[in-house]
Amino acid sequence: MAGTRPLSKIQLARLSGRSLLLQASWNFKQFQGLGWLCLLLPELKRIYPVATLRSVVQRYLGYFNSNTFFVPTIAAVVLSLERQQRLEQPIPIAPQAFSESVMAPVAAAGDAFFWGGLRPLCCALAVLAGGLGYWWSPVVFLLLFNGPAFMVRLLGPWLGYQQGVQTVLLLQKLRIVNLAALFKRLTVVVLGGIVAIEIHTSPATGIMPAVVMVGGLLALLGIVIAVRKKVPLAVIVTVLIGGVICAEQFF
Amino acid sequence: MAAEQWGLIAVLSVIVGLDRTATTQFQLSRPLVCASLAGFVLQNFPQAFQLGLMLELLWITRIPVGAAISPDDTQTTIGGVVLLRLFATGDASYDLMLLLLVGVVAVICAELSKCFDVWARHRNEQLFQRAVSQLESDSWSAFSQQHYRGLVYFGCGALASLGLMLLVGGLLISQLGGVMAQLDFGDSGLASLVFPLVGVAGTLAVLRVRNSLPLFCGGFGITYLMLQMLEG
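Here the structure is a predicted model, which means the values were calculated and not measured. (Residues numbered from 1 in each chain as written. Chains lettered and ligands numbered in written order. Predicted model: local features only at pLDDT ≥ 70, side-chain atom pairs only at ≥ 80, totals over all residues. Heavy atoms only, no water.)

Looking at this structure, how should I read the overall build of chain B?
Counting its regular elements, chain B contains nine helices and zero strands. In sequence order, the secondary structure elements of chain B are arranged as α-α-α-α-α-α-α-α-α. With the principal axes as the frame, chain B shows a C-alpha extent of 75 × 50 × 25 Å. Counting over 232 residues, chain B shows a buried share of 56%. Taking as baseline every contact in chain B between residues at least 6 positions apart, the subset at least 24 positions apart corresponds to 78%. Carbon and sulfur atoms provide 65% of the accessible area of chain B, an area that totals close to 9,300 Å². (Helix = DSSP H or I, 4+ residues; strand = E, 2+ residues; numbered from the N terminus. Buried < 20%, exposed > 50% of the residue type's maximum accessible area, 1.4 Å probe, protein only. Contact = heavy atoms within 4.5 Å. Areas by Shrake-Rupley, 256 points an atom, 1.4 Å probe, with all protein chains shown as cover.)

Shown next as structure tokens:
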């Protein structure tokens, strides 16, 4: 049967490559819907004859939203299921039903890991290094964040295509949400380091170290409360900068 | 600024603007990274790097997922670097005040610039409708093209956002420049502490980690002691 050979590693790598443009047409109604379909389309064209392709594509036409780094993995599982379906082999779940059922849990775990855990930690480390005067800190940030992201983007589809729906269990075993919580704690420690560097290197510390340290930490506490009370950052920054400049003029 | 530099800034603005949501998400759009890139282009790296460090922490926890539109820290940072290049005088006190003013303008413009991102996403809704009509005629290449057209809207949104920052910032600085030059801005360094403190506090407020106080104080204490030891 034409087009039913398994996807090669190169084809899976191309799938990862296409996923870089997943959100090109992101919109408020279908979210990543059109991008999701464009990600699958070249392989669907390979699996199905032109006569049936339109009806297959229509199944995927609509809402889709998940974590961008894990989407190639989901796509690989879906394509594996589509191929099995085309070969009339038994499948545990329909391909479209699989994508609909996993996109939200995968989004929750992936977003918690990449956006909630890894990125704040990498940013904080880069700012810490930058505060110490290391101009190459942006490069370190890019390497630290993109290393795991590339790994998930490249290895995920291969794993997804080999393991099929079992990939979901593998993702569960990885406990990436716990890892995200650990990264958050580390971020808080690094933030403490950033404040220490800022206070230590501030010229004000040389004049009145205790006052700056206590004042700085009290100000920090005040800003935390203000942010939690939903005071906009723009207001906090403007008031504080204005206040300090006025104080500089009068005292 | 030379015409080539303007051109390069426009190209950089579109590339990092697309990196925010529409394409790669390599994080070239983070203020620290895009400020450094813009600093290389405009040959004012130290000031650009300083601005990037100031702005990096402010929106660290705003995540680019779902329908939540985060403030456009990318274009406002690039705009800020351009403003620093245009208005810096070489006088340390004036340039520090300029850096702070650009930071404040960036924070305000980042919120205003969200509207361009929202505009691009609404325009993309029409692309979906057009793609569906291409499907009716089995025109597969035209179907995919509709998807990639979204990049044009996101790119235009990025340029509009940069334009807003340059317009608002340029107007404010040209109006306040005289006043700023007359102010006796001391060298206490307190004003420079504002951005990192707000950034750190904002991040702590949003992260909501259990036992954050001992963790934070631990990080603070260890780093401070190490710095003192290294100095002593």
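Read on, since the account is not over.
Which parts of the structure should I look at to understand the overall build of chain A?
Broken down by element type, chain A carries 11 helices and zero strands. Over its C-alpha atoms chain A spans a radius of gyration of 25 Å, topping by over 25% the 18 Å that the globule rule assigns to 251 residues. Principal-axis analysis of the C-alpha atoms gives chain A an extent of 85 × 30 × 30 Å. For chain A, the residues scored as buried account for 52% of the 251 residues in total. Counted over contacts in chain A with a minimum sequence separation of 6, partners at least 24 positions apart contribute 74%. A total accessible area of about 11,300 Å² is found for chain A, and carbon and sulfur atoms account for 69% of it. (Rg over C-alpha atoms; globule rule 2.2 N^0.38 Å.)

Please explain the packing of aromatic side chains as it appears in this structure.
Given two aromatic rings, their pairing is described by the distance between the two centres and the angle made by the two planes. According to the stated counting rule, one finds 20 aromatic pairs over all chains in the structure shown. For the ring pair Phe 114 of chain A and Phe 145 of chain A, a centre distance of 6.1 Å and an interplane angle of 70 degrees mean the geometry is edge-to-face. With a gap of 31 residues between them, Phe 114 of chain A in helix H5 (residues 95-131) and Phe 145 of chain A in helix H6 (residues 137-163) connect regions that are remote in the sequence. Three or more aromatic residues joined by ring pairs make a cluster, and in this case those are Phe 69, Phe 70, Phe 113, Phe 114, Trp 115, Phe 145 and Phe 183 of chain A. The cationic tip of Arg 121 of chain B hangs over the ring face of Trp 26 of chain A; the distance from NZ or CZ to the ring centre is 4.5 Å. (Phe/Tyr/Trp six-rings, centres within 6.5 Å; stacked < 30°, edge-to-face > 60°. Lys NZ or Arg CZ within 6 Å of the ring centre and 35° of its normal.)

How do you make sense of the interface of chain A and chain B when you look at a structure like this?
Note on interface size: it is often stated as the accessible area lost on association of the parts. Contact residues are listed per partner, giving 89 residues for chain A and 88 residues for chain B. Roughly 8,100 Å² is buried in total at the junction of chain A and chain B, and carbon and sulfur atoms are behind 76% of that figure. On inspection of chain A and its partner chain B, the count reaches zero salt bridges. On the surface where chain A and chain B come into contact, there are 13 residue pairs in polar contact (both at pLDDT 80 or more). Sorting elements by how many residues they give to the side of chain A that touches chain B places helix H8 (residues 176-201) of chain A first, with 15 residues. (Buried area = accessible area lost by both parts, 1.4 Å probe. Salt bridge = Lys/Arg side-chain N within 4 Å of Asp/Glu carboxyl O. Polar contact = N/O pair within 3.5 Å; in protein donor to acceptor, adjacent residues only side chain to side chain.)

Help me understand a nonpolar patch on the surface, please; the structure alone is not making it clear to me.
A surface patch of nonpolar side chains, amounting to about 960 Å² of accessible area, comprises Leu 125, Leu 132, Tyr 134, Trp 135, Trp 136, Val 139, Val 140, Leu 143 and Leu 144 of chain A together with Phe 40 of chain B. In terms of residues, the nonpolar patch owes the most to one element, H6 of chain A, which gives four residues. (Patch = residues over 30% accessible without salt bridge, like charges linked within 9 Å, V, L, I, M, F, W, Y side chains within 5 Å.)

Looking at this model, I keep getting lost on the nonpolar core. Mind explaining?
Judged by nonpolar contacts, the single largest core of 138 residues is most densely connected at Trp 36, Phe 114, Phe 145 and Ile 194 of chain A together with Phe 195 and Val 200 of chain B. Ranked by residues supplied to this core, first place goes to H5 of chain A with 16 residues. Sequence-distant contacts of Phe 195 of chain B, that is, excluding residues within four places in its chain, are made with Val 237 and Ile 241 of chain A together with Met 54, Leu 55, Leu 58, Leu 100, Gly 103, Val 104 and Val 107 of chain B. Ranked by size, the runner-up nonpolar core spans 10 residues in total, among them Trp 26 of chain A together with Ala 22, Leu 151 and Tyr 153 of chain B. (Core = buried A, V, L, I, M, F, W, Y, C linked by side-chain atoms within 4.5 Å.)

Any chance you could explain the pattern of salt bridges here in plain terms?
Think of it this way: side chains of opposite charge can pair up when their charged atoms draw near. In the structure shown here, the tally under the stated rule is nine salt bridges over all chains. For Glu 43 of chain A, the salt bridge identified is with Arg 46 of chain A, shortest N-O distance 3.2 Å. Pair noted here: Glu 43 of chain A and Arg 46 of chain A are both in helix H2 (residues 33-47), with a separation of three residues, about one helical turn. Classification of Glu 43 of chain A by relative accessible area gives buried; the value is 5%. Take Arg 46 of chain A: its relative accessible area is 25%, and that puts it in the partly exposed class. The partner of Asp 73 of chain B in a salt bridge is Arg 20 of chain B, with the nearest N and O atoms 2.6 Å apart. In this pair, Asp 73 of chain B is assigned in helix H4 (residues 73-87) and Arg 20 of chain B in helix H1 (residues 3-20), connecting sequence segments 53 residues apart. Comparing Asp 73 of chain B with Arg 20 of chain B shows no difference in burial state: the two are buried. A single network of salt bridges, built from pairs that share partners, joins Arg 20, Arg 30, Glu 56, Asp 72 and Asp 73 of chain B.

When you look at the side chain of Ser 13 of chain B in this model, what are you seeing that I'm missing?
Locating Ser 13 of chain B in the fold gives a position in helix H1. Residues in contact with Ser 13 of chain B, not counting those within four places in the same chain, are Gln 75, Ile 78, Ala 158, Leu 159 and Leu 162 of chain B.

In this structure, what is going on with the packing of helix H3 (residues 50-60) of chain A against helix H4 (residues 71-86) of chain A? I would like to understand it.
The description of two packed helices rests on the angle between their axes and on the distance between the axes. Residues and elements named next belong to chain A. Between H3 and H4, the shortest axis-to-axis distance is 14 Å and the interhelical angle comes to 145 degrees. Where H3 crosses over H4, the two elements pack in a sense that is right-handed. Facing Val 56, Arg 59 and Tyr 60 of H3, the residues of H4 in contact are Val 78, Glu 82 and Gln 85. Its residues placed into classes, the contact of H3 with H4 shows three nonpolar, one polar and two charged. (Axes fitted to C-alpha atoms, helices over the stretch in contact; angles between N-to-C directions. Left-handed = near helix turned anticlockwise from the far one by under 90°. Nonpolar A, V, L, I, M, F, W, Y, C, P; charged D, E, K, R; others polar.)

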